[in-house]
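Survey of secondary and tertiary structure
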Amino acid sequence: MAHANGNIARRAGRLLRTSLFAQVLLALLLGVLVGRLWPDAGSALQPLGDGFVRLIKAMIAPLVFCVVVAGITKAGDLKAFGRIGVKALIWFEVATTVALVIGLLAGNILAPGAGMNVDPATLDKSAVDEQTGGGHLPSTAQFILESLPDSAVGAFAENSLLQVLVLACLVGAALLHLGQRKVPQILPFIEQAQDVVFTIVGYIMKLAPLAVFGATAHLVGEYGVGAMSTYGKLIAVCYGVALLFLVLLGLALKAVTGLSLWKFVRYTREELLLALGTGSSETVMPRMMQKLRAAGCRDDAVGLVLPTGYSFNLDGASIYLSIGTLFIAQAVGVDLSLGQQVTVVLVLMLTSKGMAGVPGSAFLALSATASALGVIPAAAVALLLGVDRIMDSMRVATNLLGNCVAVFAVSRWEGALDRVTAKRVMNGEEPGAAAVAPAEGVAPAKEVTPAGESAPAKDS
C-alpha cells in the first residue's frame, strides 16, 4: 500500500511539474479556499493577477504586428488578406446579432428580474459613475477614427490592437510591393522577432498559476458568495444562454469546417482555464494564436481574425448586455415593447463595437441603452454592480471561443485551413503547440485549396 501511495504521489508531482492545466487548476482551488477563509487577505492578492495581465499585454502588440506582417508576405496576396478581413467582419456581425437576439428571447421567457419591485429612487447612480471612471463609449465615427494610428510608436505604447493591425497591413503591403530583392533582410528579421516574443511569452506563462491564485482569491474575498444567492436567477440565465450559444457555435463550426468544438476545448483547456482564472481573454491571445496556427489555420487568417475579434466579436458581452437590459427593466417594473427591444438590439450592436479596453464598458453600454429607450431610469444600471464581476467567466469564455470559431470558419471560407492537420492535432495525433515558442515543435500552417487538399505555403 505504501508503495502504491508513493507511486501516486510521484505521478501527481510529475503532473504538477509538467502540466500547466494542473498547475492552474490547483491555483484556482487554492484561490477559492483562501478567499473564502481569509477574505481580507484574498482581496489583497489582486496585484498578482493584475501584474500578470500587464506583462502579457506588453507582448500582444509586437506579436500581432509580427504575425500579420509575416502572414501577408508569406501568402503573397494582399487581396486575399482583404477578403479575409471582410469575411471576418461579416461573421462577427452575424454572430453578435445572434447572441443579442438569443439573450433577449431568454430574458423575455425566463424574466430574471421579475418580482424584484425595485424603487429607482433608492439606487445610487454615483456608484455607476465611480465604476466607469467618468468615461464614455466612442461614437461609431470616433471608433473608426481612433482605429487609425496618428503615431506609429503611440499605437504600440497604447497597446491599441486595431491601430497595430492597420500598421501591420501597411508594412505587409509595402513588403509585397518592394519584394525580397529590395528588402531581403526585413522578413527574416520580423520572423526572428516573432520567435523572441513567443519565447518571452513562454517565460511569462510560468507565472500563470500565481496569477490565477491571486485573481481568484481576490474575487472570492471581495464578493463572497452572497451575490450568487441574491442574483442567482440572473446568473443562471446568463450562463445557460452562453452555453446554448456555444452549442450553436459548435454546430456552425461542424457544418462549416467539419471540426468539433468540444475537441477544440480539450485542445485548448489550459488557455481556457487560465482565461477563466484571470478574468481576461487577452492573457491567452499569444498562445491561442500559436495553437490555431498549429491546428492548420494559415498565418494571415490567424493574425487578422483573432485580434480583430477582440474588438468586434464580443459574443459573451452581447448576451450579458441584452439580458442585463431586460433584467433592469423588469426589476423596476418597466415593460418593454417589441419596438423598444428592437431598439435595444440596434443600440447594443453599435455600442458593443466600442467596448473593448474601455473601463466599465458594460455599464456605459447599458447606460447608453437606457438613455436611448427613455423609459428605464439611468440609476437602475446600478442593480448590476454586485454581479458584474461574476459574469466575467461567462463573457471571457464565450468571447474567446467565439473568436476562435471565427478563425476556423473564415479560414475555411477563404481556403486557408488545413482540415487534415486540424483534426489530427485536436485528436492528439500530432503535437499542437504544447509550448508557446515556435522552436518547440510548431510547424507553420499549410495553405489549403478550396477543395480541401493541402498545398505548400507560398513563399513571398
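Going by the structure above, here's the rest.
Since the model is a prediction, treat every value here as computed from it, not as a measurement.

Each full turn of the α-helix corresponds to 3.6 residues, which orients residues three or four apart in the same direction. In this model helix α21 (residues 392-413) runs 31 Å from its N-terminal to its C-terminal C-alpha over 22 residues, within 8% of the 32 Å that 1.5 Å per residue would give. By the criterion of burial, α21 is predominantly enclosed, with 19 of the 22 residues buried. Looking one or two places after α21, you find Gly415, whose phi comes out positive at around 75°.

Let us look at a nonpolar patch on the surface. A cluster of nonpolar side chains, namely Val86, Ile90, Val94, Val98, Leu243, Leu244, Val247, Leu248, Leu251 and Trp413, defines an oily patch on the protein surface of about 920 Å² accessible area. Listing elements by their share of the nonpolar patch, those giving two or more residues are α5 (78-110) and α13 (232-257). Per-element accounting of the nonpolar patch gives the leading share, 5 residues, to α13. Residue placement: Trp413 occurs in helix α21.

The subject of this paragraph is the packing of aromatic side chains. The final tally for this structure, using the stated rule, is 3 aromatic pairs. Between the aromatic rings of Phe65 and Phe156, the centroid separation amounts to 5.6 Å while the plane-to-plane angle is 70°, which identifies the pairing as edge-to-face. One end of the pair, Phe65, is in helix α4 (residues 46-75); the other, Phe156, is in helix α8 (residues 152-157), and 91 residues separate them in sequence. On the accessibility criterion, Phe65 (16% relative accessible area) is buried. Summarising the aromatic geometry, the rings of Phe264 and Phe408 are spaced 5.4 Å apart at their centres and angled 85° between planes, so their arrangement reads as edge-to-face. With Phe264 in helix α14 (residues 261-267) and Phe408 in helix α21, this residue pair connects regions lying 144 residues apart in the sequence. The exposure classification of Phe264 matches that of Phe408, with both residues buried. These aromatic residues form a ring-pair network of at least three members: Phe264, Tyr267 and Phe408. Just above the ring of Phe21 sits the side chain of Arg269; from NZ or CZ to the centre is 5.8 Å. For the cation-ring pair, Lys291 lies above Tyr267, with the distance from its terminal atom to the ring centre recorded as 4.9 Å.

On to the state of the cysteines. Applying the stated criterion across every chain, the model contains 0 disulfides. We note that Cys297 lacks a disulfide partner, and the nearest cysteine sulfur, in Cys404, lies 9.0 Å from it.

Cut-off values and rules
- Residues numbered from 1 in each chain as written.
- Predicted model: local features only at pLDDT ≥ 70, side-chain atom pairs only at ≥ 80, totals over all residues.
- Heavy atoms only, no water.
- Helix = DSSP H or I, 4+ residues; strand = E, 2+ residues; numbered from the N terminus.
- Expected span 1.5 Å × (residues − 1).
- Buried < 20%, exposed > 50% of the residue type's maximum accessible area, 1.4 Å probe, protein only.
- Patch = residues over 30% accessible without salt bridge, like charges linked within 9 Å, V, L, I, M, F, W, Y side chains within 5 Å.
- Areas by Shrake-Rupley, 256 points an atom, 1.4 Å probe, with all protein chains shown as cover.
- Salt bridge = Lys/Arg side-chain N within 4 Å of Asp/Glu carboxyl O.
- Phe/Tyr/Trp six-rings, centres within 6.5 Å; stacked < 30°, edge-to-face > 60°.
- Lys NZ or Arg CZ within 6 Å of the ring centre and 35° of its normal.
- Disulfide = S-S within 2.5 Å.

Shape is all these values report; function is a separate question.
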